Amino acid sequence: MNIAWDGAAYTSNFSFVHQYGQSVIELIEAGKGSAVLDLGCGNGALSNVLREKGYLVKGMDASPELLDIARKNHPTIEFIQADATCFSLAEPVDVVFSNAVLHWIDREQQDNMLNCVHDVLKESGEFVFELGGYGNNDQIHGALREVFSAHGFSYNMPFYFPTIGEYTALLERAGFQVRFAVLFDRPTELKGENGMKDWINMFLKTPFSVVKREDEKEAMIEEAVRSLQSSLYKNGIWYSDYVRLRIRSIRL
């Protein structure tokens with residue numbers, strides 16, 4: 001799924017995405033000097049963390065808006081614009097790393113993406129990643145589903161949030177051996193008094209494509225935010241009800 005990103009707002013208001021991703025990097029066992037592809041690198045923040053840890057990094061993303069920021073902020077790193085479901089590299093890498101990206105890929109395209117990752121990895125290379133897992137943001141999506149229904153629309157879930165069993169089966173079919181997998185709750189603080197509204201506007205553009213009137217869209221978001229206040233607004237802080245799936249696997 002490709003959307004047009006507001007790169008500046010993403011970088012300013014949603015830095016938690018790459019901050020949490022730093023702990024995913026710790027799962028990589030390859031040593032310094034290993035070649036790493038940061039798949040879905042976004043603004044390049046984690047690509048730079050990988051570089052600072054001594055890896056030879058390339059970043060790849062489909063978004064020209066985010067890649068513009070990545071190239072500006074990290075000029076010593078090579079960044080490639082490509083679709084995660086259809087890409088190749090001139091030389092194989094030791095590690096493919098990905099954070100908060102794979103749930104944006106439709107279920108029907110997951111096999112294509114995994115085959116591409118398998119093809120660019122060296123034998124016994126690592127595929128280390130985190131994505132939204134089963135139950136991710138259930139409260140937020142549930143509130144929006146009710147609001148959409150009340151306004152006469154169907155809510156189209158724009159993400160793929162698999163269970164451990166689902167995703168490890170996909171990996172094994174694509175030629176990977178899973179060495180570590182965990183599904184865990186991670187309530188995540190959102191920035192500012194309008195944190196929930198800003199989060200919905202940033203990450204849920206696709207479902208609102210069916211709402212043609214801007215004033216109705218705004219009203220629907222406000223209704224959803226109000227319904228979430230009792231459960232996700234605590235001590236003056238908004239939280240998103242994240243559930244994450246974190247995996248380390250090896251190419252066979």
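Summary of the structure given here. Worth saying up front: this structure is predicted, and the values here are computed from it rather than measured.

**Comments concerning the overall build of the chain**
Okay, so step 1: A count of helical and extended segments in the chain gives nine helices and eight strands.
Okay, so step 2: In terms of C-alpha radius of gyration, the chain reaches 18 Å, essentially the compact-globule figure of 18 Å for 252 residues.
Okay, so step 3: Its C-alpha atoms put the chain at 50 × 40 × 35 Å along the principal axes.
Okay, so step 4: Across the 252 residues that make up the chain, the buried fraction comes to 53%.
Okay, so step 5: Counting only contacts in the chain whose residues sit at least 6 apart along the sequence, the fraction spanning at least 24 positions is 77%.
Okay, so step 6: With an accessible surface of roughly 11,400 Å², the chain has 47% of that area assigned to carbon and sulfur atoms.
Okay, so step 7: In the chain, the 24 positive side-chain charges and the 34 negative ones have mean positions that sit 3 Å from each other.

**Examining the nonpolar core**
Okay, so step 1: Ranked by size, the top nonpolar core spans 29 residues in total, and within it Phe87, Val96, Met113, Val117, Phe127 and Tyr167 carry the most contacts.
Okay, so step 2: Elements supplying a minimum of two residues to this core: β1 (35-39), β4 (93-99), α5 (107-120), β5 (121-132), α7 (164-173) and β8 (237-251).
Okay, so step 3: The leading source of residues in this core is α5, at five residues.
Okay, so step 4: Non-local contacts of Tyr167, meaning those with residues more than four positions away in its chain, are made with Leu102, Gln110, Met113, Leu114, Phe129, Tyr160, Pro162, Leu245 and Ile247.

**Things to note about unusual backbone geometry**
Okay, so step 1: If you check the backbone angles, Ser124 has positive phi at about 70 degrees while not being a glycine.
Okay, so step 2: Along the chain, Ser124 turns up in strand β5.
Okay, so step 3: Since its relative accessible area comes to 49%, Ser124 is described here as partly exposed.
Okay, so step 4: In this structure, Asn137 takes a positive phi of about 55 degrees despite not being glycine.

**So, α7**
Okay, so step 1: By the burial criterion, the buried members of α7 are Tyr167, Thr168, Leu170 and Leu171. In a view along the axis of α7, the buried residues occupy a sector of 155 degrees, so they form one face of it. Away from its buried face by more than 90 degrees, α7 exposes Glu172 and Arg173.
Okay, so step 2: Immediately beyond the C-terminal end of α7, within one or two residues, lies Gly175, with a positive phi of roughly 100 degrees.

**Some words on the side chain of Asn43**
Okay, so step 1: Along the polypeptide, Asn43 turns up in the loop between β1 and α3 (45-52).
Okay, so step 2: Accessibility expressed as a relative area gives 8% for Asn43, which makes it buried.
Okay, so step 3: For Asn43, the side chain forms a polar contact with the main-chain nitrogen of Ala45, separated by 3.1 Å.

Rules and cut-offs
- Residues numbered from 1 in each chain as written.
- Predicted model: local features only at pLDDT ≥ 70, side-chain atom pairs only at ≥ 80, totals over all residues.
- Heavy atoms only, no water.
- Helix = DSSP H or I, 4+ residues; strand = E, 2+ residues; numbered from the N terminus.
- Rg over C-alpha atoms; globule rule 2.2 N^0.38 Å.
- Buried < 20%, exposed > 50% of the residue type's maximum accessible area, 1.4 Å probe, protein only.
- Contact = heavy atoms within 4.5 Å.
- Areas by Shrake-Rupley, 256 points an atom, 1.4 Å probe, with all protein chains shown as cover.
- Lys, Arg positive; Asp, Glu negative; His and termini not counted.
- Charge placed at Lys NZ, Arg CZ, Asp CG, Glu CD.
- Core = buried A, V, L, I, M, F, W, Y, C linked by side-chain atoms within 4.5 Å.
- Arc of directions from axis to C-beta.
- Polar contact = N/O pair within 3.5 Å; in protein donor to acceptor, adjacent residues only side chain to side chain.

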